[in-house]
Structure formats: structure tokens, C-alpha cells
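Each chain, written out:
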Amino acid sequence: MGDDRADRIAEFIEPLRVEPGSTVRLAEDFDPGFTGGIREKKDGVELLRSGIEQLADYQRRLAAQDTYGVLLCLQALDAGGKDGTIRHVMSGVNPQGVRVVGFKVPSNEELDHDYLWRYARNLPSRGEIGIFNRSHYEEVLVVRVHPDNLRRQKLPDAARGPDVWQRRYREINDWERYLTDNGFRFVKIFLNLSKEEQRTRFLKRIDVPERNWKFSSADVRERAYWDDYQQAFSQMLSATSTQWAPWYVVPADHKWFARVCTAAVLVHTLMAINPQYPQVSEESRRQLAEVREELEAEAPAGAPPDPYAAEKKDNGTKIEKSKRSKKNKKNKKDAKRKEDAKHKKTSS
Ligand code: ATP
Ligand code: MG
């Protein structure tokens, strides 16, 4: 059953995965309107609900095991739906086990360090799920599309030659490999929006007063660089989808589908980690039994020695009784059906 589910999720996300070593041409290879054969939003919502439940369970186990950390990197163009995806996908997860960090234009302090510095200081710890709302990939996207950003990074001349992007791809791959080898898993999602859907979403931000605050004229100016971004994304996906940290291109024109896919990729990664609750040693179990005895001895007059065990036993008996009564009813029904059938036979 568990394996069945794992197989179905792997099959579902396979078309979104960027095969390591392949050359991506976004416009030709990935359709932003794809919905994976799910016709109705309500079916998608149902799928998301089950994904959220699984995530919550895996996150508890990940935190208890305290060995692996997971980092979800979300990249998208403006209005791609990063914020909504985080809000929906993580809605069932214990906030204590999750850390969301957004990356904006670098501060002076950040520019005074190497370009991966600010990402490295915000990595999740073991047992945590970290979310990067924009990530180290901005360093080969916005920084590439607007070379002014590179100039501001105070690099020595030798470090900003024409090979700078190829070098950054290699450095990013190496950094991710190092982290993967040491117990951290990357989930890299690109929310792939069409130009027309972005136009519609910008207009909605203008038309609906409650959304006006989300509108930024800078976002619209950035839209003029659409083709440059498509090219930068295509090259980045081709160069940095690796066996240890593959990219998933998630169709983002339908928000509900983008959320289902993101949840599925996260669950897939957590299933592969398969975190387990720590086993308690024989010695600890013996100590627990001793402490139980001490606590039971402190029960006030009239109170059950262990109220939790008593309640559990009571519930167990109730469930047992209701099961028995259901079984009796079913047996009676079956007997009556047999009796009726016999009657029919003899009277015909
Ligand atoms: P929203 O969806 O709410 O608009 P956002 O992620 O776009 O969220 P903003 O504050 O609007 O957040 O924009 C952050 C800006 O920071 C983006 O335009 C992004 O390109 C820019 N940015 C991120 N990282 C870098 C970087 N390393 N160098 C230069 N600019 C960067
Ligand atoms: Mg923005």
C-alpha cells in the first residue's frame, strides 16, 4: 500500500522533472497550462488535502529523527504564486518545524561577502524543513539579466569574466552536493507561468482594491525582460538539474495544480528519506516503567493510578463493543437473507 502510493507519486511528478544533463528550452518543453490529466479543480483540491496530511506526518518524523534537513527552493517570475504555494502546501505542518526565508535585493552587509553567504546562513537545521522564497538561483537569474547586480557584488576582476555563469553553476552544484552528502535534501521548484497568465494576474492586482498593495510597477518593468528571463531560466535548469538535486518545472497557470505538484514533490523527497521515530533502548524502557510506578503511587484517593491508561482502556472497550454489535447486526442480516432465499426456493 505504502509502496503503491510512492509509485503513484513518482509517476505523477516524472513529467515535471528536468532530466540531469538534458538541454531545456522552456517554451518548447514545458506547458504552463498542463494539469496532468486532472480535469477539475475540486479533484486537485482533494489531492492536495491528502498531500498536506502526509506532509504533516513526515515532518513530525523528520523532526523526531533529527538527522536530515530538507530545503524547498521556490523560484518564479513575479505573480508566479510563490507565496500562495507556501501558504497552502505548508498549511498542515507544525510551524515549529518549518523556516521560511525570503531573499530580496542584497543588503550592504550581504554584498560584503561571497554570493552564497546569505543562503548558507539561512539553511535549515537537521529535522527542519526550510523554504527559500527565491533562493541562491537569483545569483544566475536576476543577476544575469541585469548585469548591474554583478557589478555591485564587488568581485575581483578575475571572478567576473565571461565564464562567471558557468562557474556559478558548477559552484552551486558542488555546494548542493556537499550538503546532500551531509544529510540535507534539496527540493527545487520552478513555478512556470505563461506571459498571458502573468498579464491577467497583474490586472487583477489593479482591478481588485484588496490586491492593490500587491501591485508593483517594478514587476511590470521586469516583464519587459520576459525573453531574457526565459533564456536564463532555461540555461540554469539545464546546468543545475543534478541526480542529487533535480529541478521540477511545475506548471503554474492553474494555482491549484501548482500546489498539488509542489506538495507531491515534497512528499516524494520525504518518502525517500523515510524518517523514523527514534527507538527507545531497553534501559530507557526500564527507567520509564520505574517512573510510571512512582507516578502511580502518587495518585490521590479515588483517582485512577494512571488516568491516561484508564481512558485508553475505556475507549478500547467501547470500540470493541461497537465492533461486536456491528458484527452481530451483520450476522443477523446475513441469516435473514439466507432464510428468505430458502423460503423463496421452497415456495416456487
Ligand atoms: P512578491 O511576490 O511579494 O512581489 P518578491 O519575492 O517578488 O515577492 P519583492 O520584494 O517584490 O519580493 O522583490 C524582491 C526582489 O529582489 C526581486 O525583484 C528579486 O529579483 C530581487 N533579488 C533577489 N535576489 C537578488 C539578488 N541576489 N540580486 C539582485 N536582486 C535580487
Ligand atoms: Mg515582487
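What counts, and where the lines are drawn
Residues numbered from 1 in each chain as written. Chains lettered and ligands numbered in written order. Predicted model: local features only at pLDDT ≥ 70, side-chain atom pairs only at ≥ 80, totals over all residues. Heavy atoms only, no water. 1 Å grid on protein atoms, 1.4 Å probe; cavity = no way out; pocket = protein on both sides within 12 Å on 5 of 7 lines; lining within 4 Å. Points joined across faces, edges and corners; volume = space filled by probe spheres on them. Helix = DSSP H or I, 4+ residues; strand = E, 2+ residues; numbered from the N terminus. Nonpolar A, V, L, I, M, F, W, Y, C, P; charged D, E, K, R; others polar. Axes fitted to C-alpha atoms, helices over the stretch in contact; angles between N-to-C directions. Parallel < 35°, antiparallel > 145°, perpendicular 65-115°, else oblique. Left-handed = near helix turned anticlockwise from the far one by under 90°. Contact = heavy atoms within 4.5 Å. Buried < 20%, exposed > 50% of the residue type's maximum accessible area, 1.4 Å probe, protein only. Lys, Arg positive; Asp, Glu negative; His and termini not counted. Salt bridge = Lys/Arg side-chain N within 4 Å of Asp/Glu carboxyl O. Domains from an automatic or database assignment. Core = buried A, V, L, I, M, F, W, Y, C linked by side-chain atoms within 4.5 Å. Near = heavy atom within 4 Å. Polar contact = N/O pair within 3.5 Å; in protein donor to acceptor, adjacent residues only side chain to side chain. Areas by Shrake-Rupley, 256 points an atom, 1.4 Å probe, with all protein chains shown as cover. Sits in = over half its atoms within 2 Å of the grid points.

*Asks:* Just give me the short version of empty space enclosed by the protein, but keep the residues and values in it.
*Replies:* Inspection of the entire model under this criterion finds two cavities of 30 Å³ or more. Empty space within the largest cavity amounts to approximately 50 Å³. Looking at the largest cavity, the residues that line it are Leu77, Asp78, Gln198, Asp219, Glu222, Arg223, Trp226 and Tyr229. Among the elements of the structure, helix H11 (217-223) and helix H12 (226-240) are those that each provide at least two residues to the lining of the largest cavity. It is H11 that contributes the most residues to the lining of the largest cavity, three residues altogether. For the lining of the largest cavity, the per-class residue count stands at three nonpolar, one polar and four charged.

*Asks:* Give me the lowdown on unusual backbone geometry, citing residues and values where you can.
*Replies:* Of note, lysine 154 is a non-glycine position whose phi angle comes to about 55°, a positive value. Among the structural elements, lysine 154 can be located in the loop between helix H8 (148-151) and helix H9 (164-181). In the Ramachandran plot, asparagine 274 falls in the positive-phi region, its phi being about 50° despite a non-glycine side chain. With respect to the helices, strands and loops of the structure, asparagine 274 is situated in the loop between helix H13 (255-273) and helix H14 (282-297).

*Asks:* Help me get a handle on the packing of helix H3 (residues 41-65) against H13, residues and values and all.
*Replies:* Across the interface, H3 lies against H13 with an axial gap of 9 Å and an inter-helix angle of 30°. The angle between H3 and H13 places the two elements in the roughly parallel class. You can see that H3 and H13 cross each other, and the crossing is left-handed. From H3, Lys41, Gly44, Leu47, Leu48, Gly51, Gln54, Leu55, Tyr58 and Leu62 reach across to H13, where they touch Trp256, Arg259, Val260, Ala263, Leu266, Val267, Leu270, Met271 and Ile273. In terms of residue class, the contact of H3 with H13 is built from 13 nonpolar, three polar and two charged.

*Asks:* Mind laying out the side chain of arginine 259, listing which residues take part and the relevant values?
*Replies:* Within the element layout of this structure, arginine 259 appears in helix H13. The charged side chain of arginine 259 is buried without a salt bridge, its nearest counter-charge being aspartate 83 at 10 Å. If we ignore the near neighbours within four places in the chain, the residues touching arginine 259 are Leu48, Gly84, Thr85, His88 and Val89.

*Asks:* Describe the domain arrangement of the chain, listing the residues and the values that go with them.
*Replies:* Domain boundaries in the chain define domain 1 (2-273) and domain 2 (282-347). Here domain 1 and domain 2 have C-alpha centroids that lie 48 Å from each other.

*Asks:* Quick rundown of the nonpolar core? Include the residues and the values.
*Replies:* Core analysis: the largest hydrophobic core is formed by 40 residues, its most contacted members being Phe132, Phe233, Met236 and Leu237. The contacts of phenylalanine 233, once residues within four sequence positions are left out, are Leu26, Gln75, Ala76, Leu77, Leu141 and Phe190. Membership of the second largest hydrophobic core comes to 39 residues, among which are Leu72, Met90, Leu191 and Leu270.

*Asks:* Give me the lowdown on the site of ligand 1, citing residues and values where you can.
*Replies:* Lining the immediate surroundings of ligand 1 are 15 residues, of which Lys82, Lys104, Arg118, Arg134 and Glu139 lie closest. Between ligand 1 and aspartate 78, the relevant distance is 3.4 Å, taken from an oxygen atom to a side-chain nitrogen or oxygen of the residue. A distance of 2.9 Å separates a nitrogen atom of ligand 1 from a polar atom in the side chain of glutamate 139. Within the complex, the protein chains bury 76% of what would otherwise be the 630 Å² of accessible surface of ligand 1. Judged by the fraction of its atoms near the pocket grid, ligand 1 is located in the largest pocket. Going through the elements one at a time, helix H4 (82-89), helix H6 (117-120) and helix H7 (142-145) are the ones with two or more residues in the shell around ligand 1. Within the shell around ligand 1, the residues separate by chemical class into six nonpolar, one polar and eight charged.

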